[in-house]
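Remarks on the overall topology
One-letter residues, chain by chain:
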Amino acid sequence: MASPSLHGRLAEQALRTPDAIAVSSGDHRLTYRELNERANRLAHRLGELGVRTETPVAVLMQRSVDVVVAILAVLKAGGCYLPLHSAYPLRRMQLIMDHCAAPVLLVDEAMRGRGIPEGAAVVTVEGDKGLAEYPAGDCAVPVDPAQLAYVIHTSGSTGVPKGVAVTHKEALGLVLDSIWDGGRHERVLMLAPYAFNVSTYELWVPLLHGGRIAVPPPGDLDVAVIRRLIAEERITGVHLTAGLFRVLMEEDPGCLAGVREVLTGGDVIAPAAVRHALEHNPDLVVRAMYGATEATLFSTHLPMTAPLRIEGPVPVGRPMDNVRLRVLDAELRAVPAGEVGELHISGRGVARGYFGRPDLTAERFVADPFGAPGERMYRTGDLVRLGHDGVLEYLGRADQQLKVRGFRVELAEVEAALARFPGIRHAAVAGVASAAGDRQLVAYHVPAGGDVDAAALRAHMARLLPDYMVPTAFVAVPELPLTPNGKVDRRALPPPGPQTGPTGRAPLNERQQTLCALFAEALAVPRVGIDDSFFDLGGQSLAAMHLVSRIRSVFDTDLTITQFFDAPTVLALDDLLGSTGRVPEGRTEGDNDDRSLRR
């Protein structure tokens, strides 16, 4: 009988294929036997530290094979893993640790050197020679399929992040879905930060099907790096957020050569990007995915192959195995096919709830009036329409939640951070479509008196929030417009004007003039001065990837995204390119892990 746990299935796979490569990062590779034994040794260490059934164990590490070892070890010890994103401000990490009362924190040397949350026993996984003294055999900790496997935090409507608690049963239900049959996900590239829900696919689908995880080295990822990794690791399956997928297909659709299936979603999928992918890779399957952390990542899918026959927006598709979709009105009554309602998900994947928040759990996880006694539904807050062909179409949100670069953002959490800045009387945040079609956050504030220092306000937000939640524009207004019932009327907020730089100095030479034009194109603004920072002007990671690709092409240079993050002005880039137009060799290990996918 197969194990009811994620780590039990991994141990069974290690018995079947002990010498097959399970995880690799450059020249560093672990077989299934080595992965299983290293995780066992660490699990014994965690047991000594008091990790028991459902004990949350925090993980804060750079991308590496050690991340996979650490996560697996937590489960083997009986605990549930609590991933912390390296881009989180320290205060946010501390909030998560304190709320979950995590007694142990697993780190590597790089993260430990940058500052870590307090109040937990710290184990440095990387290069810990003491772990070799522990047994390589399994801890033999009993596990129930209803036991927690992980707690992943998302943006919270109450102003603080909330942790979604997912069990082994629900995670296994996703991993064993029939859409993974056929070997298309034999080698998966671990692009997403492990603190986000996509890691459930990237970690467990390849491992529990006898495949391999390819972990990129620490540092920043751009189009050229992703192309190289796909080719070198012979990747067959990859998940790309809708925004990253669009940028890759605009810049280098051939980078997917050899890939058998691309999963994409998390936001509106550009049909043109799908067409480019299929035109350049005719044997590829592009699969639209929809879901939520509260429903264990993916709930629906729609495979697309050449030639693409979809006109208009890409639908979110049909339910996955054992998933039930309910399109309901405000009274939880089913709406007819073709009419708009709120999507409720039941069956496989519905999480236990929000860790330590029974109030929020009761609000979003409700009794299923169509199911058996005790069954629950997850209220997604998404407005959808079910076609007569059974395909689901996404239409928008019923609340104040947005997707920004594939990440879920509650406006209330951003507004709460904004309101804490001294000198602000009222605050509101809205999502605004950029010229490139991406969703950006704009902060509106009513000063309490005098001008508000925009640079200080931006720094304040960066100290409190992950960078994808920091608004790209800050707009002072005399008052916030209100609806007749007294709520902020976000539709009446003024559009943000072009964000101006500190000096606006004109270019001094021909190369600076070309760079200024490329900056302005990427930012969709009339002009850019040579001292203006790309990121202070509202630039984000996907626009940066596009810009770096354009600069590489125009100047025939080997500029990397890491170097651009360190030199984000025209003046600094001109100096970096120097007289030859070639850039000095950049660092290979970024201090700020995977910034290119997060800003």
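Residues numbered from 1 in each chain as written. Predicted model: local features only at pLDDT ≥ 70, side-chain atom pairs only at ≥ 80, totals over all residues. Heavy atoms only, no water.

1. Examining the packing of helix α14 (residues 510-523) against helix α15 (residues 541-555)
To keep it simple, the criterion reads: Think of each axis as a best-fit line through the C-alpha atoms, taken over the contacting stretch in the case of a helix, with angles from 0 to 180 degrees between the N-to-C directions. We count a stretch as a helix when DSSP gives it H or I for four or more residues in a row; a strand needs E for two or more, and each element gets its number in order from the N terminus. Our angle categories are set so that under 35 degrees counts as roughly parallel, over 145 as roughly antiparallel, 65 to 115 as roughly perpendicular, and the remainder as oblique. For any pair of crossing helices, the crossing counts as left-handed if the nearer helix is rotated counterclockwise from the farther one by less than a right angle, and right-handed if it is rotated clockwise. Contacts are assigned to residue pairs that have any heavy atoms within 4.5 Å of one another. Each residue is assigned to one class: nonpolar for Ala, Val, Leu, Ile, Met, Phe, Trp, Tyr, Cys and Pro, charged for Asp, Glu, Lys and Arg, and polar for all the others, Gly among them.
In contact at an axis separation of 10 Å, α14 and α15 are set at 150 degrees when each is read in the N-to-C sense. Our classification of the angle between α14 and α15 gives roughly antiparallel. Relative to α15, the crossing made by α14 is right-handed. On the side of α14, the interface is formed by Arg511, Thr514, Leu515, Leu518, Phe519, Glu521 and Ala522, while α15 contributes Ala543, His546, Leu547, Arg550, Ile551, Val554 and Phe555. In the contact of α14 with α15, the residues fall into nine nonpolar, two polar and three charged.

2. Here we look at the nonpolar core
This is how the line gets drawn: Among the buried residues, those of types Ala, Val, Leu, Ile, Met, Phe, Trp, Tyr and Cys that are joined through side-chain atoms within 4.5 Å form a nonpolar core. Any residue under 20% of the maximum accessible area for its type is buried, any over 50% is exposed, and the rest in between are partly exposed; the area is computed with a 1.4 Å probe on protein chains only.
Counting residues in each nonpolar core, the largest one holds 80 residues, and the members touching the most others are Leu106, Trp204 and Leu207. Broken down by element, this core gets its largest block of residues, ten residues, from helix α3 (residues 65-76). Ignoring any residue separated from it by four or fewer positions in sequence, one finds Leu207 in contact with Leu10, Gln13, Ala22, Tyr32, Leu35, Val68 and Ile213. Listed in part, the 63 residues of the second largest apolar core include Leu284, Met545, Leu547 and Phe565.

3. A word on the environment of Thr264
Counted only if it meets this: The definition of a polar contact used here is a pair of N or O atoms within 3.5 Å, where within protein one atom must be able to donate a hydrogen and the other to accept one, and adjacent residues in sequence count solely through side-chain atom pairs.
Assignment of secondary structure puts Thr264 in strand β12 (residues 261-265). Those residues in contact with Thr264 that lie beyond four places of it in its chain are His239, Leu240, Thr241, Ala242, Phe245, Ile269, Val286, Arg287, Ala288 and Met289. In terms of polar contacts, Thr264 uses its side chain to reach the backbone carbonyl oxygen of Leu240, at 2.9 Å.

4. Concerning unusual backbone geometry
Of note, the bond from Ala306 into Pro307 is cis; its omega dihedral lies within 30 degrees of zero at -10 degrees. You can see Pro307 is positioned in the loop between β14 (300-304) and β15 (318-319). Unlike most non-glycine residues, Asn322 shows phi in positive territory, near 65 degrees. One can find Asn322 in the loop between β15 and β16 (323-328). Notably, Asp556 is not glycine yet its phi reads approximately 50 degrees, a positive angle. Given a relative accessible area of 60%, Asp556 falls into the exposed group.

5. Structural notes on the confidence of the model for the protein
Selection rule: For every residue, the predictor reports its confidence as pLDDT, a number between 0 and 100.
Mean pLDDT over the protein: 89, with 94% of residues reaching 70 or higher. Contacts for the low-pLDDT stretch residues 584-599, under 50 throughout, to residues beyond four places or in other chains number 65 contacts.

6. Comments concerning the pattern of salt bridges
What counts, and what does not: Any Lys or Arg side-chain nitrogen located within 4 Å of an Asp or Glu carboxyl oxygen qualifies as a salt bridge.
A full pass over the atoms with the stated rule returns 25 salt bridges. For Arg511, the salt bridge goes to Asp574, with nearest N and O atoms at 2.7 Å. With a gap of 63 residues between them, Arg511 in helix α14 and Asp574 in helix α17 (residues 570-577) connect regions that are remote in the sequence. What emerges from the salt-bridge pattern is a single network uniting Arg184, Glu261 and Arg287.

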